[in-house]
Each structure stands twice: as C-alpha cells, then as structure tokens.
Amino acid sequence: MSMRGARPLHPARWLGIPLLVCIAATIVFSAPLRLWGLQLPEPVFAMVPAFAWALIRPSILAPFAILVLGLFLDLFWGGPTGLWGLSLLVAYAMVLIARNMMTGQSRPMMWAWFAGVTAVAMIAGFLFSMLDSLAMPSLLAVFWQFLATALLFPFAHRLVDRFDDADVRFR
Amino acid sequence: MPFHEGPLGDLKVPLTWTAAVALIVAIVIAVAFLLADRRETLQDHAYGVTRQTVDVVSKPVSGAIAAPGRWTGLGLDYVRSYFFTASENRRLKAEVAEMRQWRDRALSLQDTNDRYKALLGLRTDPPIPMASARVVSDSRGPFANTRLADAGSEKGVLVGNPVLNERGLVGRVVGVSRGVSRVLLLTDIASRTPVMIDRTNARAILTGDGGPNPKLEYLRGVDPIREGDRVVTSGDGGVVPRGLPVGAAVKGLDGRWRVVLFADDAAIDFVRILLFKDFAQLADEKQLQTRSLPPVTTEDPKTSILSAPAPVTRPPAAPTATTPRRVSPPRPAAAGPTPTPASAPAGAPQ
C-alpha cells in the first residue's frame, strides 16, 4: 500500500499561498474606483481561509496565520488593531468545533454553514467595535459586507476540495 | 539533520489539543492587540510605527493597482466628452450665464464686506495653505472608513489636518509618514466633527457609524433643522476651520437626522489637505508672554492712612429735610501720635 497520502501537507501550499492570495485580493478591492456612483464592494477575503483551514485539518500554524491576516486587514484598512484578528479567530474556532457536523454535507448546506460562520464573525466584529469605539456601527453597512463576503463561498469550497484529502490521516 | 530523524522524532502529541492551545494563544494575542489599541484617541502617538510602515509600503502597491482604473476612467471621460460635446457645450453656456450673475453679486458683497471689516477693525482668519494629494486606497467597511493619500510629512501635512475634495469635507488626517497620510473619513465610527446648520447656526456633532450618511448628534435649539438644510463645520474646538461645506440634512429611516455628504458627489481620487492649525495657535506666544501688565499695588495701612495728605476741609452743608445730619461718634483716646481730625476718622485702625 502506498503511503503517499500520509505525507505531511506542506504549510506553504495550504496556508502560505491562500494567505498571499487573500492579501492581494484585499489590496485590489481597495482601489478607489467608482462606476456610475457606485463603489466596489469590500468583502472580507480572509473568511475564505478561516473557514477552509479549520475544515481541512486541525493545525497549530493556522490560527497564527489567521491572526496575521486579521492584523493585516486592521493595519491596511485603518481599523482598530486586533479587531479582525479576533473576529476571524472566533469564526475559525466555531468551524473547528463543528467540523465533524460539516464534513460530507452537500454544497448548498456548506454554503449555509459558510454564511452562518461569516455572520458570527461579523457579529463578533460588531460587538468588539462597539466596545472599542463606544459607538454602534451601522447595521446596514455590516449587512452589506456580510452579503459580499457570503458570496465568496465558491473559493472556500475549492480550497477545501483541493486539500481535504491531501493527508489521509485527517479523513 | 531532519527533525524526524532526531531524538524527538518519535514524540507524538495529540494534534487536536495542540491546535486548540495554539488557537487560544492566538486569541489571547489578538485580545492584547485590541486592548492596547488607541486608534479612537486620534492622537499622533497612537498611530504607531507599525501603521506608518504599512502605509509607506501600501502606497506604491495600491497606487500601481489603482492606476489602470484611473486610466480607464480618464479614457471613458474622453470618449464621453467626444460624443456629448454639443450637449455639454449647451449646459456649460447656461451655467456660465448663471455664474456671471453670481460673480457680480459676489463682488458687490465682497466690497460691502471689506467696508464693514474696515469700519469694525475686524481681524479675519488668515488664509490656509493647502497640499494636493491623490487617493491610492480606500477602505469602506462598517468598522473602518479610511483613505490613503499620497502626500505626507514632506508637504507639511500634520495629524489633524482637514481634508476636502472639490465639493466638501472628506475627513481629517490621523496618521502621517513620509509621502503618505491616512485620512479618517467622516463616515468612520471613530469620527466626531463639530458642525452647525447654516440656516439656524444650531450646533451639532457629526458622528460616523460606518454607513454612507453620518448622524447629527447633540443637536441643540428649538426647531434647529429642516430637511435639506446645509451643514457646515462650526470651527468649535479648533479642530477644523469654520464654514467648510459638509452636506445636506436628511431624516434617516431610523428617525435620526443624518447628512448626505457633498464629498460623495465628486470623484474620490483627488483631495486637498488643509495645512490648518487652530487659529489660536497662530498667535505669537512670546509676545503674549512679554505683554506688560499694570503693577500690582498693595495697601500699606501706615503710609496710606497716617501719612496721607490732609484733605481740604469743606464747610458742612446745611441740613435739609432730605439729608439727615450725621452725628459723629465720640473720638477715642489716641495712644500714638495725635492725628489731625480729618485724617483720623472714627473707627480707623491705629
């Protein structure tokens, strides 16, 4: 029997490259463009790896990669430092706890799970932001960002599909 | 030597538990970052070297990414101007005719204003220098609304400087590095700007919430605002100069007064940074400190009472019905030098 499937997954492949792609996508979508009075949406691309990494396998490096992504978002967007790091880690922890329920479900169901986890991250960001700034963010603005982020599920699905069976020990 | 060939190569740890520990450690670090953050204070020292470094690195990257979009916009403008030249010409002619009337009125008002200032000896605010900048990145989320502008400390930009576009106030500078500044928009959740309603002079605080229309809070006065009222900066507190256009008042769906920002009507790629300091800071501090004040004199009882020159005695006025005669009390026996009757009034301290 071949032991090729048991070969450890290299972190650069399943952590490093998605992390860099998320950073690049965030920078591209921050371009100051306006078409017919409308601006580009601002989805949280970091939700894609936060969801997928927890599903692929438990990892020691993944939480720190998510923390780095969150800190980048805070510094690049000019928000409170630690806000997105903490919100994404809350979402990651939720997926990690519920991964046994999620694995093997249909694509629409997984999309619903992704939307739910995104909602948890947005609610966490809303609450942490309230505590930090002592003011309530606009619920409508939160909803638009949630909607734009929930539409990113196909990327998360592809990432899970790509690496889910890469290491047979985590089947 | 690879790790798995070493003495610890056979060490097995439960991955789930170690992953959980790693997650908890990462959460603790994130909480520490959030607690240590002082972004909402909008102070220079709160911005930090890390943010400045990220801004400096982001500027060329975001600038390069924004360039194709800018070129596309310029190309579309060129094509549009080619196809719609005739209608544009008609519109501009009508606008020029209207503007001529406004110009004549402005000149007349300027003349009147100058005469009033001369009559009153009024000291007006000094002109404010500006720095132009191009926006290279724009964050629009519910928790952070900022822009990165490509002008920084080399152009004299300081933390707190107001930022405008061609229509109105955009926000203010919260971080400055060499060649780049971070602008906190009026819509950011941490933004607070003192404003007033142009029609009634009613004061309010413009408070961002991450949405496109910031709220008007602490609105004072009886019937202070109506739909469509123009909102301008009040200059209170010296954060921004008075009279900068901000937007128009609207009633929000939640029943609160909000502002549709004038700045949203214009393109977002160019801004002007007002190199404004609080006008109170422009006074010559040295001159204020060296101003000569009248000397403070204290009363010396001996010199003021005992050696005071005797006043000229006047004959007592004849008593009338309206001025009752005052009866002097008996003079006490003097222990010291005998004063003159006029310089030692009854009850005077000896």
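Shown above is the structure to which this text applies.
From a predicted model like this one, the values you see are computed outputs, not experimental measurements.

Procedures and definitions
Residues numbered from 1 in each chain as written. Chains lettered and ligands numbered in written order. Predicted model: local features only at pLDDT ≥ 70, side-chain atom pairs only at ≥ 80, totals over all residues. Helix = DSSP H or I, 4+ residues; strand = E, 2+ residues; numbered from the N terminus. Rg over C-alpha atoms; globule rule 2.2 N^0.38 Å. Buried ≥ 20, exposed ≤ 12 C-beta atoms within 10 Å, placed from the backbone. Contact = placed C-beta atoms within 7 Å. Expected span 1.5 Å × (residues − 1). Arc of directions from axis to C-beta. Core = buried A, V, L, I, M, F, W, Y, C linked by C-beta atoms within 7 Å. Nonpolar A, V, L, I, M, F, W, Y, C, P; charged D, E, K, R; others polar. Axes fitted to C-alpha atoms, helices over the stretch in contact; angles between N-to-C directions. Parallel < 35°, antiparallel > 145°, perpendicular 65-115°, else oblique. Left-handed = near helix turned anticlockwise from the far one by under 90°. Pairing = 2+ DSSP bridges.

(A) A look at the overall build of chain A. Counting its regular elements, chain A contains 7 helices and 2 strands. Along chain A, helices (α) and strands (β) appear in the sequence α-β-β-α-α-α-α-α-α when read from the amino end. In terms of C-alpha radius of gyration, chain A reaches 17 Å, essentially the compact-globule figure of 16 Å for 171 residues. With 171 residues in all, chain A has 48% of them scored as buried. Look at the contacts in chain A between residues 6 or more apart in sequence, and 73% of them connect residues 24 or more apart.

(B) Quick peek at helix α1 (residues 15-36) of chain B. For α1(B), which comprises 22 residues, the first-to-last C-alpha distance of 31 Å matches the rise-based estimate of 32 Å (1.5 Å per residue) to within 8%. Along α1(B), the residues that are buried comprise Leu23(B), Ala26(B), Ala30(B) and Leu34(B). The arc that holds every buried residue of α1(B), seen down its axis, measures 80°, which confines them to one face. The outward face of α1(B), more than 90 degrees from its buried face, is lined by the exposed residues Trp17(B), Val28(B), Ala32(B), Leu35(B) and Ala36(B). Among the structural elements, α3 (61-77), α4 (83-102) and α5 (107-133) of chain A are those in contact with the buried residues of α1(B).

(C) Inspection of the nonpolar core at higher detail. In this structure, Ala46(A), Phe51(A), Leu88(A), Leu89(A) and Tyr92(A) are the most contacted members of the largest nonpolar core, which totals 102 residues. Considering every element that reaches this core, the biggest residue donor is α4(A), with 11 residues. The residues touching Tyr92(A), leaving out its near neighbours within four places in the chain, are Ala50(A), Ala54(A), Pro63(A), Ile66(A) and Leu23(B).

(D) Expanded view of the interface of chain B and chain A. Taken together, the contact between chain B and chain A spans 46 residues of the former and 45 residues of the latter. Looking at the side of chain B that touches chain A, the element that brings in the most residues is α1(B), giving 13 residues. Residue composition of the side of chain B that touches chain A, grouped by class: 23 nonpolar, 13 polar and 10 charged.

(E) The arrangement of the packing of helix α1 (residues 11-29) of chain A against α3(A) in detail. All names here are of chain A. Interaxial distance between α1 and α3 falls to 11 Å at its minimum, and their mutual angle equals 10°. On the basis of their axis angle, the class for α1 and α3 is roughly parallel. Seen from above, α1 lies across α3 with right-handed handedness. Counted together, Pro11, Leu15, Leu19, Cys22, Ile23 and Thr26 of α1 and Leu61, Ala62, Ala65, Leu69, Phe72, Leu73 and Phe76 of α3 form the full contact between these two elements. Residue classes in the contact of α1 with α3 are distributed as 12 nonpolar, 1 polar and no charged.

(F) How the structure looks around the sheet that holds strand β12 (residues 270-274) of chain B. Residue and element names in this part refer to chain B. What the 6 strands build is a closed barrel, ordered β1-β2-β5-β4-β3-β12; its pairing is antiparallel. In this sheet, neighbouring strand axes are inclined to one another by 40° on average, regardless of whether the strands run parallel or antiparallel. One ladder, built from 5 bridges, connects strand β1 (residues 130-140) with β12; its direction is antiparallel. When the bridges of β12 are listed, Met130 appears paired with Leu274.

(G) Representation of unusual backbone geometry. A positive phi is found at Leu134(A), a non-glycine position, where the angle reads about 55°. For Leu134(A), the location among the structural elements is in the loop between α5 and α6 (139-150). Take Leu134(A): there are 10 C-beta atoms within 10 Å of it, and that puts it in the exposed class. In this model, Tyr218(B) sits at a positive phi of 55°, which is unusual for a non-glycine residue. Topologically, Tyr218(B) is positioned in the loop between β8 (215-217) and β9 (230-233). For Tyr218(B), a count of 10 C-beta atoms within 10 Å corresponds to the exposed category.

(H) Geometry of the packing of helix α2 (residues 47-56) of chain A against α4(A). Residues and elements named next belong to chain A. Two elements in contact, α2 and α4, have axes separated by 8 Å at closest approach and are oriented at 35°. Seen from above, α2 lies across α4 with right-handed handedness. Of the residues in α4, those touching α2 at Met47, Ala50, Phe51, Ala54 and Leu55 are Leu88, Ala91, Tyr92, Val95, Leu96, Arg99 and Met102. For the contact of α2 with α4, the residue count by class is 11 nonpolar, no polar and 1 charged.

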